[in-house]
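# Structural overview
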Amino acid sequence: MNEVVQALETRRSCRKFENRQVEPEKLEQIVETGLWAASGMGQQATHLVVVQDPADIATLSRMNAQIMGTSGDPFYGAPTVVVVLSDPARGTCVEDGSLVIGNLMNAAHALGVASCWIHRAFEEFESDEGKKLLAKWDVEGTWRGVGHCILGYAAPGGEAATKPRKEGRVTFVR
């Protein structure tokens, strides 16, 4: 099997991370793949914020948990959170950001780094606190939160088990 196809088929979400940071070289490669994601009309109207500061991750985690109505850590202890933002003026802003997150997750897997897609970025960055974070990070402009890609190394039992694919999900019209 082609190694790219194999990586796409074997990637799983991780919900328990080791307290070990992703090496800068791997992180740069992962982030670079996000920049190469397809986008509506090739506009590249997304922005990635790579957060490794524990205090900022704790703030994002708290905000995300509040939106979800829980007190747990929605980032599962991941040491890196890539916030994916998109230009809300683009009609494909959610789709563009989603493709970025997909690229990030697949590249991470190919490099031996665990990942998971975490929602609720929209609500986070619509809030005053979220807007203050963007200002703190020197992210200018108007952005819509699309999602988070959390990155790190899987702790034992952290990666989801493989589920069989559901039948009847493809129709060929020839």
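A brief structural summary.

What counts and what doesn't
- Throughout this description, residue numbers start from 1 for each chain and increase along the sequence as written.
- Local features in this predicted model are restricted to residues of pLDDT 70 or higher, and side-chain atom pairs are both shown and tallied only at a pLDDT of 80 or more, whereas totals for entire chains, interfaces and linings draw on every residue.
- To get the side-chain values, take all heavy atoms of the structure and skip hydrogens and water.
- Here a strand is any run of E in DSSP of at least two residues, a helix any run of H or I of at least four, and the numbering for each starts at the N terminus.
- Only C-alpha atoms enter the radius of gyration, while the globule expectation follows 2.2 Å times N to the 0.38, with N the number of residues.
- Three exposure classes are used, based on accessible area relative to the maximum for each residue type with a 1.4 Å probe and protein chains only: buried under 20%, partly exposed in between, and exposed over 50%.
- Residues are treated as being in contact if the distance between any of their heavy atoms lies within 4.5 Å.
- Using the Shrake-Rupley algorithm and a 1.4 Å probe, accessible areas are obtained, with residue cover drawn only from the displayed protein chains.
- Asp and Glu count as negative and Lys and Arg as positive, but His and the ends of the chain are not part of the count.
- Think of each charge as sitting on NZ of Lys, CZ of Arg, CG of Asp or CD of Glu.
- The axes are straight lines fitted to the C-alpha atoms, using for helices just the contacting stretch, and the angles between their N-to-C directions are given from 0 to 180°.
- Note that the term roughly parallel is reserved for angles under 35 degrees, roughly antiparallel for angles over 145, roughly perpendicular for angles of 65 to 115, and oblique for everything else.
- Helix crossings get a hand from a simple test, with the near helix turned counterclockwise from the far one by less than a right angle marking a left-handed crossing and a clockwise turn marking a right-handed one.
- Salt bridge, as used here: a side-chain nitrogen of Lys or Arg that lies within 4 Å of a carboxyl oxygen of Asp or Glu.

## Topic: the overall build of the protein
Counting its secondary structure elements, the protein contains 6 helices and 4 strands. Along the protein, helices and strands appear, N-terminal first, in the series α-α-β-α-β-α-β-α-α-β. For 174 residues, the compact-globule estimate of 2.2 N^0.38 gives 16 Å, and the protein sits close to it at 16 Å. Principal-axis analysis of the C-alpha atoms gives the protein an extent of 50 × 40 × 35 Å. When the 174 residues of the protein are sorted by exposure, 41% land in the buried category. When contacts within the protein are restricted to residue pairs at least 6 apart in sequence, those whose partners lie at least 24 apart make up 83%. A total of about 10,100 Å² of accessible surface is found on the protein, and carbon and sulfur atoms cover 52% of it. Positive and negative side-chain charges in the protein, numbering 18 and 22 respectively, have mean positions lying 9 Å apart.

## Focus: the packing of helix α3 (residues 54–68) against helix α6 (residues 128–136)
Here α3 crosses α6 at 160 degrees, and the two axes come no closer than 11 Å. Compared by their axis directions, α3 and α6 come out roughly antiparallel. Classified by chirality, the crossing of α6 by α3 is left-handed. Counted together, Asp 56, Thr 59, Leu 60, Arg 62 and Met 63 of α3 and Glu 129, Gly 130, Leu 133 and Lys 136 of α6 form the full contact between these two elements.

## Remarks on the pattern of salt bridges
Pairs can form between side chains of opposite charge whenever their charged atoms are close. Taken as a whole and assessed by the stated rule, the structure comprises 3 salt bridges. Among the ionic pairs, Arg 20 bridges to Glu 18, the shortest N-O distance being 3.2 Å. Judged by its relative accessible area of 39%, Arg 20 is partly exposed. Notably, a salt bridge pairs Lys 136 with Asp 56, separated by 2.6 Å at the nearest N-O pair. Taken together, the residues span a long stretch of sequence, with Lys 136 in helix α6 and Asp 56 in helix α3 at a distance of 80 residues. By relative accessible area, Lys 136 is classed as exposed at 52%. Judged by its relative accessible area of 7%, Asp 56 is buried.

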